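Observations on chain architecture
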Amino acid sequence: MSASLSWDDLKYPIQSWIKRGIDVMGFDAMTPVQAATVPMFARNKDVVVESVTGSGKTIAFVIPILEKIVTEEANNPNFKPGHFHSLIVTPTRELSNQIQSVIQEFLQHYPEEKYPIKSQLLVGTNQNTVRDDLADFINRRPQILVGTPGRILDFLQLPAVHTKSCSVVVLDEADRLLDDSFFGDVERILKLLPKQRRTGLFSATIGSAGDQIFKTGLRNPVKVTVNTKSKAPSSLGLFYTVIDPENKFRQFLSIVNSYKFRKCIVYFPTCISVTYFYSFMQYLRKEQKLLIEDVEFFSLHGKLQTNSRQKTLDSFVEVLGKAVLLTTDVAARGIDIPEVDLVIQLDPPSNTNMFLHRCGRAGRANKAGRAITFLNKGREEDYVPFLEVKNVELEEMPLKLIGLPPKEEFYNMFKNWLLQDRARYDLAVRSYVAFIRNYMKHSASSIFRLRSFDYLGLAKMYGLFRLPRMPEISKYFKDNNINDGWIVDPPIELDQYAYKDKNRERKRLELLKHSKQINDRKKEKYEAKQRNIAWSNKVQDHKEKNNKRSKMALRREAIEKQIAEESGSDDDVLEDWKEAIIQNRKRKKNQSSTVTGSFEDL
């Protein structure tokens, strides 16, 4: 261990109980970012910290906060009711929960004889309202608040909450908090806080925040950057494989069955795709026996309720055997899950800055890890040199499909599972459409282009037997072998395609019957109208059409004759008569629009 990274050599004398917490948590040595940040942030310096994922940034701001609470005597009975000392803002509930847990681990070693230091979590849930948070705040009198922007803003705007004593504010995953989706709330929060405060911005990709950093009220800040050749931790291997969209899901299942790992996180592009594929995987595991039995599967996404999300995350952390978590970018930032040694991205994130955050869930705290990204054959291969410009280097990993049926057999299995319940098909279509909508939002739009996308291969990956009707497919997808979007032959009889749920099926049949009645009425009305048209009107219409054709023929002959006479040559008659008509019309139009007379006398 390098002497400069020993906690005993830290250039700031930390409290003995904090040192005891460090030892118990197993942090034998400081990381470079901790060694650089703790002394400055604990001593009245604003900091902007950029360091790779898994480098210990949470500890780098928790320790200074606890130190400042002690040195500024916020841990005594005289600390004013309704006031707080430190505020930590994060973009997700999961990250807020994790930081709260780290703070609690340190506070377990706080001396009992002293006035307690307390921390309160402020995140939106279905069980706790902001009024409940206020009651807890008044009763417990915590010095530290940790939460997400929306709930924190609502909380700080309550009349009973006073912000004058706030001495420290930390924005964790600051680049995310300073983008368009959060910056409005964050800016309003910062305006409620005292200007004479210490501010810390922490992220692995803080540079992407741009000029927004200067709007956070920093006062003579120090930037801490841990310089590395690659922006990924040295213990994390970054790989990619080029694959057909149709084979992506099968390849992922093959890795689950054959690859040695302890815990794996798999990133899907949308919430609905997580739900959809998780459901199908349960079928493959329980009924088809295609997945090994000693692996547990979990699903997590932003549409779930807060309690469900936290319960799933806790279960994934606590499971002792092999486990796979299917998730979205909701679990991409800051989440520290022990023993995650494999990350799989079925598709690169639409926001390029999220790429390293996803990969960084593995290879944390100098533990070995691998991250594999699937790229579609063709244009998406340009993503590799695109990342190299950003100092992110990927190595190609050839993969083999092992222990799964051939793709046609697997597709039929997927299709048959869909046919068992129309609700599954509805979910499949919505997942497919959501994917295309998400694909349109890629920040690297020159690489991820709808014009060259494999719509058919993606449809087979989702088990679809018919391409959805959507503008993108109508515009870019051309295949003469696909009739009316049907991938299978013969087409499925959709009128007979039933829901398993009896209530939904009853409603579908009623709607189908009603639609048929409407269509039948329209057809009868049209036929009746045709029958009731007078015979004389039909003859008259026929005569008018013939007269128009005759007049057009005479005009054509007259124009051709005129052109021939003017040119004096039979060859010139070959000029397109339509062009002559167009030119003649333009000439007449110009003549009619010419203003005659003089305005000199006006």
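Here, the structure is the one placed above.
So, here's what we can say about the structure. (Residues numbered from 1 in each chain as written. Predicted model: local features only at pLDDT ≥ 70, side-chain atom pairs only at ≥ 80, totals over all residues. Heavy atoms only, no water.)

Points about the overall build of the protein
Check the secondary structure of the protein and you find 20 helices and 14 strands. Sorting the 602 residues of the protein into buried and exposed places 50% on the buried side. Long-range contacts, defined here as pairs at least 24 residues apart, represent 78% of the contacts in the protein between residues at least 6 apart. (Helix = DSSP H or I, 4+ residues; strand = E, 2+ residues; numbered from the N terminus. Buried < 20%, exposed > 50% of the residue type's maximum accessible area, 1.4 Å probe, protein only. Contact = heavy atoms within 4.5 Å.)

A few points about the pairing of strand β4 (residues 144-147)
The alternating pattern of β4 places Ile144 and Val146 on one face and Leu145 and Gly147 on the opposite face, and all of these are buried. Sheet topology places strand β3 (residues 119-122) next to β4; 4 bridges connect them, and they run parallel. Across the sheet, residue Leu121 finds its bridge partner in β4, namely Val146. (Pairing = 2+ DSSP bridges.)

A word on unusual backbone geometry
Generally, phi is negative for residues other than glycine and the peptide bonds are trans, each holding for most cases. The omega torsion of the bond from Asp489 to Pro490 falls at 5°, within 30 degrees of zero and hence cis. Secondary-structure assignment places Pro490 in the loop between α17 (471-476) and α18 (502-532). Despite not being glycine, Glu173 shows a phi value in the positive range, around 55°. Along the polypeptide, Glu173 turns up in the loop between β5 (168-172) and α7 (174-177).

A few points about the environment of Pro81
Within the secondary structure, Pro81 is located in the loop between α3 (57-71) and β2 (86-89). For Pro81, a relative accessible area of 57% puts it in the exposed group. Along the sequence, Pro81 and Ala160 sit 79 residues apart, while their C-alpha atoms lie 9.3 Å from each other. If we ignore the near neighbours within four places in the chain, the residues touching Pro81 are Arg141 and His162.

Observations regarding the packing of helix α4 (residues 93-107) against helix α11 (residues 306-318)
It is at 10 Å that the axes of α4 and α11 come closest, and there the two elements cross at 60°. On the basis of their axis angle, the class for α4 and α11 is oblique. Where α4 crosses over α11, the handedness of that crossing is right-handed. On α11, the residues that touch Arg93, Glu94 and Asn97 of α4 are Thr306, Arg309, Gln310 and Leu313. Tallied by class, the residues present in the contact of α4 with α11 amount to 1 nonpolar, 3 polar and 3 charged. (Axes fitted to C-alpha atoms, helices over the stretch in contact; angles between N-to-C directions. Parallel < 35°, antiparallel > 145°, perpendicular 65-115°, else oblique. Left-handed = near helix turned anticlockwise from the far one by under 90°. Nonpolar A, V, L, I, M, F, W, Y, C, P; charged D, E, K, R; others polar.)

Nothing here speaks to function; it is all geometry.
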